[in-house]
Amino acid sequence: MAPDILAEITGMLVEIVGDEYLLAEEVTMKTTFNEDLALESVEFVALAELLHHRYGADVDLMGFLAEKDMDAILAMSVGELVSHIGRVTLARVAAGGPSATAG
């Protein structure tokens with residue numbers, strides 16, 4: 001499931017920041033949002049909206065970020081978000097809801 005989620009997040013990031021920027025650097029689980037991608041706050045909001053549309057209200061990026069201190073937010077990797085989405089979608093499936101691929 002993680003490779004599928006990583007691919008979807010990469011697609012969302014390309015949509016938000018544009019192909020040209022991401023082509024210079026492959027997005028991996030270790031890619032950081034701040035240092036590697038230099039995502040601005042408005043881009044985080046756009047990512048949150050795309051995640052909400054794709055995965056539903058259970059994947060709340062702003063809520064996920066609110067649980068972290070500033071240093072953790074600045075150091076957050078794409079892999080942390082992929083893991084969070086994986087946990088949320090697995091919990092949804094276990095509760096009898098739609099899977100991550102049902103979007």
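Our structure's up above, just so we're on the same page.
A brief structural summary. (Residues numbered from 1 in each chain as written. Predicted model: local features only at pLDDT ≥ 70, side-chain atom pairs only at ≥ 80, totals over all residues. Heavy atoms only, no water.)

**Some details on the packing of aromatic side chains**
Each aromatic ring pair is specified by the distance between its two centres and by the angle formed by the two planes.
Thinking step 1. Applying the stated criterion across every chain, the model contains 1 aromatic pair.
Thinking step 2. Seen in terms of ring centroids, F33 and F44 are 5.4 Å apart; in terms of plane orientation they differ by 50 degrees. Their pairing is tilted. Linking F33 in the loop between α2 (19–23) and α3 (41–55) with F44 in helix α3, this pair joins segments that are 11 residues apart in sequence.
Thinking step 3. Accessibility expressed as a relative area gives 0% for F33, which makes it buried. (Phe/Tyr/Trp six-rings, centres within 6.5 Å; stacked < 30°, edge-to-face > 60°. Helix = DSSP H or I, 4+ residues; strand = E, 2+ residues; numbered from the N terminus. Buried < 20%, exposed > 50% of the residue type's maximum accessible area, 1.4 Å probe, protein only.)

**Some points on the pattern of salt bridges**
Thinking step 1. Applying the stated criterion to the full structure yields 2 salt bridges.
Thinking step 2. Here R54 and E8 are joined by a salt bridge, their closest N and O atoms 2.9 Å apart. Within this pair, whereas R54 is found in helix α3, its partner E8 is found in helix α1 (residues 2–17), the two being separated by 46 residues in sequence.
Thinking step 3. According to the relative accessible area criterion, E8 is partly exposed, its value standing at 27%. (Salt bridge = Lys/Arg side-chain N within 4 Å of Asp/Glu carboxyl O.)

**Observations concerning the environment of M76**
Thinking step 1. Inspection of the secondary structure assignment puts M76 in the loop between α5 (70–75) and α6 (78–94).
Thinking step 2. Look at M76 and you get buried, because its relative accessible area is 0%.
Thinking step 3. Remark: the alpha-carbon pair of M76 and K30, spanning 46 residues in sequence, is separated by 8.9 Å.
Thinking step 4. Those residues within four positions of M76 in sequence are excluded, and the remaining contacts are T31, T32, F33, F44, F64, L65 and K68. (Contact = heavy atoms within 4.5 Å.)

**Focus on the nonpolar core**
Thinking step 1. Counting 24 residues, the largest nonpolar core has I9, L13, F33, L51, L61, V78 and L81 as the members making the most contacts within it.
Thinking step 2. Among all residues touching L51, those that are not within four sequence positions of it are I9, M12, G56, V59, L61, L81 and I85. (Core = buried A, V, L, I, M, F, W, Y, C linked by side-chain atoms within 4.5 Å.)

**So, the side chain of H84**
Thinking step 1. Assignment of secondary structure puts H84 in helix α6.
Thinking step 2. H84 has contacts with D60 and F64, leaving out every residue within four places of it along the chain.

**Examining α3**
Thinking step 1. End to end, α3 covers 21 Å across 15 residues, agreeing with the expected 21 Å (1.5 Å per residue, within 8%).
Thinking step 2. Looking at α3, one finds that the buried residues are E43, F44, L47, A48, L51, R54 and Y55. One face of α3 carries all of its buried residues, which in axial projection span an arc of 145 degrees. Of the residues in α3, the exposed ones pointing more than 90 degrees away from the buried face are V42, E49 and H53.
Thinking step 3. Those residues of α3 that are buried are in contact with α1, α4 (61–66) and α6.
Thinking step 4. G56 sits one or two positions beyond α3 and adopts a positive phi of about 95 degrees. (Expected span 1.5 Å × (residues − 1). Arc of directions from axis to C-beta.)

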